[in-house]
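Observations on chain architecture
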Amino acid sequence: TTSERALELAALGLTADPVAAWGPSGETVLLRFRNVSDAECISMSVDRIRRVERPRPGSIQIALVSGPACRLRVKETYAPGWQAENERQKAVFVGSSPHGFLELVVPEGTIQINLRYTPRGWAAGCQLALIGLVLAGGMWSRRLKESPHT
């Protein structure tokens with residue numbers, strides 16, 4: 001949000017901590033709201049969530065208490081490219097909630113969910129970049145061989 005909007009939110013009593021700011025004068029601010037859970041079990045009254053960590057951008061680790069299956073809503077905007085797996089490296093389906101957040105069906109007994117985001121086309125883009133580097137290196141090498149030595 002903008003730094004002005006962050007001040008408006010603070011005036012409304014929403015307590016948030018700035019996480020990062022960027023722009024020529026820091027006018028764009030990333031906020032983390034206090035007392036707002038990053039994830040919640042929405043299909044049962046018992047909360048199975050022990051801890052939510054974001055070790056790096058595009059990665060979320062959720063530690064759970066073992067229990068029955070539940071629907072888990074994660075406070076992260078859904079986009080194609082999110083993938084999840086449990087502690088046994090079994091894939092867990094990632095969908096979108098009605099409000100646009102990540103939503104998963106966590107199997108019974110699961111104690112860890114690892115989410116990662118890989119943008120669509122990322123692998124193809126990396127492969128094309130590598131091919132381009134190889135071609136550029138070949139052209140450069142050929143040019144060195146053809147130039148007269150002085």
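For every chain, the first residue of the written sequence is number 1, and numbering continues from 1 onward in sequence order. Only residues with pLDDT of at least 70 get local features here, since the model is predicted, and only at 80 or more are side-chain atom pairs given and counted; chain-wide, interface and lining totals rely on the full set of residues. In computing side-chain properties, one takes all heavy atoms of the structure into account and sets aside hydrogens as well as water.

Some words on the overall build of the protein
Note on conventions: DSSP H or I runs of at least 4 residues are helices, E runs of at least 2 residues are strands, and numbering of each starts at the N terminus. For the protein, the count of helices and strands is two helices and 11 strands. N-terminal to C-terminal, the α/β element order of the protein is α-β-β-β-β-β-β-β-β-β-β-β-α. Within the protein, the proportion of its 150 residues that are buried is 23%. Values of accessible area rely on a 1.4 Å probe in the Shrake-Rupley scheme; residue burial ignores everything except the protein chains shown. Of the accessible surface of the protein, which amounts to about 10,500 Å², a share of 58% is contributed by carbon and sulfur atoms. To sort residues, take the accessible area from a 1.4 Å probe on protein chains only and compare it with the maximum for the residue type: under 20% means buried, over 50% means exposed, and anything in between is partly exposed.

Thoughts on a nonpolar patch on the surface
For patches, a residue must show more than 30% relative accessible area and have no salt bridge; joins then use 9 Å for like charges and 5 Å for nonpolar side chains, namely Val, Leu, Ile, Met, Phe, Trp and Tyr. By definition here, a salt bridge exists when the distance from a side-chain nitrogen of Lys or Arg to a carboxyl oxygen of Asp or Glu is within 4 Å. On the surface, Leu128, Ile131 and Leu135 cluster together into a nonpolar patch covering about 320 Å² of accessible area. Locating Leu128 in the fold gives a position in helix α2 (residues 122–146). We classify Leu128 as exposed; its relative accessible area is 59%.

Details of the side chain of Glu103
Here Glu103 shows up in strand β10 (residues 101–106). A polar contact is formed between the side chain of Glu103 and the side chain of Arg73, at a distance of 3.2 Å. Contacts are assigned to residue pairs with any non-hydrogen atoms lying within 4.5 Å of each other. Residues within four places of Glu103 in sequence aside, it is in contact with Ile42, Arg71, Leu72, Arg73, Phe93, Val94, Gly95, Ser96, Ser97 and Pro98. What qualifies as a polar contact is a pair of N or O atoms within 3.5 Å, subject to a donor-acceptor requirement within protein and to the restriction that residues adjacent in sequence count only when both atoms come from side chains.

Notes on the packing of aromatic side chains
Side-chain rings of Phe, Tyr and Trp (the six-membered ring for Trp) are treated as a pair once their centres are within 6.5 Å; stacked means planes under 30 degrees apart, edge-to-face means over 60, and tilted covers the remaining angles. Scanning all chains against the criterion turns up one aromatic pair. Taking the centre distance of 5.4 Å and the plane angle of 45 degrees together, the rings of Trp82 and Tyr117 count as tilted. In this pair, Trp82 is assigned in strand β7 (residues 82–86) and Tyr117 in strand β11 (residues 112–117), connecting sequence segments 35 residues apart. Since its relative accessible area comes to 11%, Trp82 is described here as buried. The partly exposed category is assigned to Tyr117, whose relative accessible area is 32%.

Structural notes on the environment of Val46
Mapped onto the elements of the fold, Val46 is located in the loop between β3 (39–41) and β4 (49–56). With 22 residues separating them along the chain, Val46 and Pro68 place their C-alpha atoms 9.8 Å apart.

Some remarks on unusual backbone geometry
Phi angles above zero are rare outside glycine, and Gln89 is one such case at about 60 degrees. According to the relative accessible area criterion, Gln89 is exposed, its value standing at 57%.

Thoughts on the pattern of salt bridges
Under the definition given, this model contains seven salt bridges. The residue Glu40 makes a salt bridge to Lys75 at a minimum N-O spacing of 3.9 Å. One end of the pair, Glu40, is in strand β3; the other, Lys75, is in strand β6 (residues 70–77), and 35 residues separate them in sequence. Owing to a relative accessible area of 31%, Glu40 belongs among the partly exposed residues under this scheme. The closest approach of N and O atoms between Glu53 and Arg51, which form a salt bridge, is 2.9 Å.

Comments concerning the side chain of Thr110
Take Thr110: it is sitting in the loop between β10 and β11. Excluding anything up to four places from it in sequence, Thr110 contacts Arg48, Leu64, Val65, Ser66, Asn86, Glu87 and Arg88.

Focus on the pairing of β7
In the case of a regular strand, side chains alternate between the two sheet surfaces. Residues Trp82, Ala84 and Asn86 line the buried face of β7, whereas the alternating positions Gln83 and Glu85 sit on a face that is not buried. Here β7 pairs with strand β8 (residues 91–92) via two bridges, running antiparallel. Directly across from Glu85, in β8, lies its bridge partner Ala91. Paired strands, in this sense, are two strands between which DSSP finds at least two bridges. Counting the residues that bridge the hairpin from β7 to β8 gives four residues, and of these Gln89 lies at a positive phi of roughly 60 degrees.

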